[in-house]
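Single-letter residue listing:
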Amino acid sequence: MRHHQRGCRPLSTTAGVATIWYLNVNPAPTDITDKSGQGHNPTWVGSERQGLYCGVAPRAGASIHPGAEEAIMFTSGLKIRDKHGNLEPLVPNRAQAEFARRATGRDIVLKARQLGITTWIAARFFVSTVTRPGTLSVQVAHDQRSAEEIFRIVHRFLDNLPERLREGMLATSRANVSQLVFPRLDSEYRVETAADPNAGRGLTINNLHCSEVARWPRDAAATLASLRAAVPPGGKIVLESTPNGAGGCFYDEWQQAERTGYRQHFFPWWYAKEYALDGGQGFTANRAGADDFTVEELDLIAKHRLTAEQIAFRRDVRATFRGLARQEFAEDPVSCFVASGECVFDLDIVQRRLAECGGDGVAQVSNRCPRGSGTGATAVVRPIEVRDNGRLLIFWPPRPGASYIIGVDPAGGGCDGDYACAQVVDRLTGLQCAELQDHVPPRELAARVAALGREYNGALIAVERNNHGHAVLAHLDASEHYDGSKIYEQHRQPGWLTSAVSRPRMIEQFAALLSRHPDLFSSPRLLTECRTFVRHEDGAAAAASGTHDDSVMAMAIAEAVRFEQAGRPRCHEELEFASLAR
């Protein structure tokens, strides 16, 4: 391309702006003419037309560099207010740069507070809106105050662009507290709240940012489904939030991200360089030695190269926020989901054991036999066998001559309701040997539990007889012909009765056993449910809202029957071999 420049002065001067030689904010391969009115039209040299980034779909065979939008952010002069109130150019911090590098167009972001992710997404979508004609970008906040704050950020981007752009192609026909309309581009930027049940309805959204999803009111899942339906194939969706309890819409979206095609992004608190304190907290940061740190702190220093100043900040946060420190200043994508309410189980013990078990499940590590069977013992970390697409996990195979108990928590079988669960434990030690969890009706559950009972040496089957348990017990007898002497009975009535009297006792027995001997339990599903099993305001112990407790209840039944039948073991040595390894 050849241009004809006459009397060009620097654009930093008034005279330079007045004599700008060329202006075309949206050049295309077929239109590179001057839009300033000065007549300084460039021309193509030869017949080749370059595939310029022009903000619209590229011609066939051409492509847009994946970092083009980010590059435009810096050259277009986007401005933000820093944490001291100063107006500064937008320069990506660590979290923003990592998100820009890894974003796919279907992204879910779990983060500590105040890392600037919302600002970065707003900038990214603003650039897309003003460089791609016909674009609708929508950000959905959890409440009105947050929506207004996001839109102040977006307005600031526009207000600090050069005047020639704001009065030219980026002139707005509507600019209020929730909407920017660019008629010359046929583009629009909106900010809405999740409190509006009609948010996004009737729109075609090219860029969708759902902010603080964990704090969305009402039926957050239904609101999110409605918004997603408005995004066409090729549109971008970002779900972003700080954690807010181990349950609810965002928690479910994070857990299911791999299956639903979303890329997970986790950003811990130390990505913010200002999260550091010099001195205090029991040591002077610039003279701290290894003896000044706890084992947990040394582990963080080794894994994440944290400084003494960052450790001092962490101590201050833990002293100030206490139980909420894990949630507000997230360090890993598991422990940050703190359940609302007091956890019935020792959360630190559960977290450590969950980490030993891989957190998600199903990997392969060979077993060692229990102490007393001839070999050593260390921590159990993985199932040895996975059956039925992960529904049945085998941690320890049946041993000749050993006796087992199966605790069963039935369910109705609907795919949207509770799970049916069965836990197989060693009758002597309480060791978890196998776990079955699935959405199955009573008859199928009876068949699968009977098969499991026969595999484990004719195990004693204890079915909770409340609700659907009567049907399971009937099928065990009539259809499966399971040995009646191997069906647990209370007061000559088949099944275990969970009542207002028995429930607290069985839960506390299980909690005490887990606290003393966490190595007995190896299922990530069970341990995850333990994290979200809380005491509610009325004093009842149950699953936190939006979570399940089927594995917990099945295990509590199995352990309660074991204690009832055998009493507590007479000495610690009998349980010692349950601290096992594979």
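In the block above lies the structure referred to throughout.
Here the structure is a predicted model, which is why all the values come from computation and not from measurement. Going along each chain's sequence as written, the residues are numbered from 1 onward. Where local features are concerned, this predicted model is filtered to residues with pLDDT of at least 70; where side-chain atom pairs are given and counted, the filter is 80 or more; whole-chain, interface and lining totals use all residues. Think of the side-chain values as coming from all heavy atoms in the structure, minus any hydrogens and water.

Participant: Would you mind showing me how to read the overall build of the chain here?
Facilitator: Per the convention used, a helix needs a DSSP run of H or I reaching at least four residues, while a strand needs a run of E reaching at least two, with both numbered from the N terminus. Per the secondary structure count, the chain includes 19 helices and 21 strands. Note on exposure labels: buried denotes an accessible area under 20% of the residue type's maximum, exposed denotes more than 50%, and partly exposed covers the range between, all computed with a 1.4 Å probe on protein chains only. A buried classification covers 47% of the 582 residues belonging to the chain. We call two residues contacting when some pair of their heavy atoms lies within 4.5 Å. Pairs at least 24 residues apart make up 66% of the contacts formed inside the chain by residues separated by at least 6 positions. Computed by Shrake-Rupley with a 1.4 Å probe, the accessible areas treat only the displayed protein chains as cover when residues are assessed. Surface exposure of the chain reaches about 27,400 Å², of which carbon and sulfur atoms provide 49%.

Participant: Which parts of the structure should I look at to understand the pairing of strand β14 (residues 404-409)?
Facilitator: The two faces of the sheet receive side chains in turn, since in a regular strand these alternate between them. Here β14 lies mainly inside the structure; six of its six residues are buried. With burial as the criterion, each face of β14 is covered, one bearing Tyr-404, Ile-406 and Val-408 and the other bearing Ile-405, Gly-407 and Asp-409. Strands are labelled as partners when DSSP assigns at least two bridges between them. In this structure, β14 lies alongside strand β15 (residues 420-426), joined through six bridges in antiparallel fashion. Paired with Tyr-404 across the strands is Asp-426, a residue of β15. In terms of strand pairing, β14 meets strand β17 (residues 460-463) through four bridges, oriented parallel.

Participant: For this particular structure, what's the right way to read the sheet that holds strand β12 (residues 385-387)?
Facilitator: Strand pairs in the sheet, formed through backbone hydrogen bonds, run parallel or antiparallel to each other. Reading across from one edge, β12-β13-β16-β15-β14-β17 is the order of the six strands in this open sheet, with mixed pairing throughout. Sheet topology places β12 and β17 at the edges, where each strand pairs with a single neighbour. Across the sheet, the mean angle separating the axes of adjacent strands is 15 degrees when strand polarity is ignored. Against the sheet, helix α17 (residues 524-531) makes contact with β13 (392-394), β15 and β16 (432-438), and its axis sits at roughly 75 degrees relative to β16, the strand it touches most. Most of the contacts of helix α18 (residues 550-566) go to β15, to which it runs at about 35 degrees, and overall it touches β14, β15, β16 and β17. Each axis is a line fitted through C-alpha atoms, and for a helix only the stretch in contact is used; angles between axes span 0 to 180 degrees, taken between their N-to-C directions.

Participant: Honestly, the nonpolar core in this entry has me stumped. Any pointers?
Facilitator: Here is a general trend for soluble globular proteins: nonpolar side chains tend to be buried in one another's company. By size, the foremost hydrophobic cluster in this structure holds 66 residues, and its most contacted members are Phe-345, Ile-406, Tyr-456, Ile-461, Leu-476 and Phe-510. At eight residues, the largest contribution of residues to this core is made by α18. In this view, Ile-406 contacts Ala-422, Gln-423, Val-424, Val-449, Leu-452, Gly-453, Ala-459, Leu-460, Ile-461 and Ala-462; residues no more than four positions away in its chain are not counted. Nonpolar core, defined: a set of buried Ala, Val, Leu, Ile, Met, Phe, Trp, Tyr and Cys residues in which side-chain atoms within 4.5 Å join the residues together.

Participant: Help me out: how do you make sense of helix α14 (residues 442-455) in this one?
Facilitator: To estimate how far a helix should extend, the number of its residues minus one is multiplied by 1.5 Å. A rise of 1.5 Å per residue sets the reference length of α14, with its 14 residues, at 20 Å; its end C-alpha atoms lie 20 Å apart and thus fit the reference within 8%. Along α14, the residues that are buried comprise Pro-442, Leu-445, Ala-446, Arg-448, Val-449, Ala-450, Leu-452 and Gly-453. Turning to α14, the residues buried within the fold contact β13, β14, β15, β16, β17 and α15 (469-478). At the C-terminal side of α14, Asn-457 shows a positive phi close to 60 degrees.

Participant: Is there a simple way to explain helix α3 (residues 94-102) in this structure?
Facilitator: In an α-helix, one full turn covers 3.6 residues, which means residues spaced three or four apart are oriented alike. Turning to α3, its buried residues are Ala-95, Gln-96, Glu-98 and Phe-99. For α3, the arc enclosing every buried residue in end-on projection is 165 degrees, short of the 170-degree limit, so these residues lie on one face. Buried residues along α3 sit against β3 (106-111), α4 (117-131), β9 (236-241) and β10 (263-267). Under the rule applied, a polar contact is a pair of N or O atoms within 3.5 Å (in protein, one hydrogen donor and one hydrogen acceptor; residues adjacent in sequence only if both atoms are side-chain atoms). Two to three positions downstream of the cap, the backbone nitrogen of Ala-95 sits 3.2 Å from a side-chain oxygen, assigning the N-cap of α3 to Asn-93. Throughout, the arc means that of the directions going from the helix axis to the C-beta atoms.

Participant: Can you walk me through the pattern of salt bridges in this structure?
Facilitator: Oppositely charged side chains can pair when the atoms bearing their charge come close. When a carboxyl oxygen of Asp or Glu is within 4 Å of a side-chain nitrogen of Lys or Arg, the pair counts as a salt bridge. Tallied over the full model, the rule gives 30 salt bridges. Arg-190 is paired through a salt bridge with Glu-188; the nearest N and O atoms lie 2.5 Å apart. With its nearest N and O atoms 2.6 Å apart, the salt bridge here joins Arg-535 to Glu-508. With Arg-535 in strand β20 (residues 533-535) and Glu-508 in helix α16 (residues 502-516), the pair connects residues that are 27 residues apart, well separated along the chain. Owing to a relative accessible area of 28%, Arg-535 belongs among the partly exposed residues under this scheme. Taken together, the shared-partner salt bridges connect Lys-111, Arg-113, Glu-212, Arg-215, Glu-240 and Glu-328 into one network.

Participant: Explain the side chain of Arg-448 to me, please; I cannot follow it from the model alone.
Facilitator: Its location among the elements puts Arg-448 in helix α14. Discounting chain neighbours no more than four positions away, the residues touching Arg-448 are Asp-388, Arg-391, Leu-436, Asp-438 and Val-440.

Participant: For this particular structure, what's the right way to read the packing of α3 against α4?
Facilitator: Relative orientation and spacing of two packed helices are given, respectively, by the angle between their axes and the distance between those axes. For the pair α3 and α4, the least separation of the axes is 9 Å and the interaxial angle reads 45 degrees. It follows that α3 is oblique to α4 by the angle criterion. For the element pair α3 and α4, the recorded crossing hand is right-handed. Here Ala-95, Gln-96, Phe-99 and Ala-100 of α3 come into contact with α4, specifically with Ile-117, Trp-120, Ile-121 and Arg-124. Each residue is assigned to one of three groups, with Ala, Val, Leu, Ile, Met, Phe, Trp, Tyr, Cys and Pro labelled nonpolar, Asp, Glu, Lys and Arg labelled charged, and all others, Gly among them, labelled polar. The residue inventory of the contact of α3 with α4, partitioned by class, reads six nonpolar, one polar and one charged. In these notes the angle categories are as follows: under 35 degrees is roughly parallel, over 145 is roughly antiparallel, 65 to 115 is roughly perpendicular, and the rest is oblique. Should the near helix be turned counterclockwise from the far one by less than a right angle, the crossing is left-handed, whereas a clockwise turn marks it as right-handed.

In short, geometric facts, not functional conclusions.
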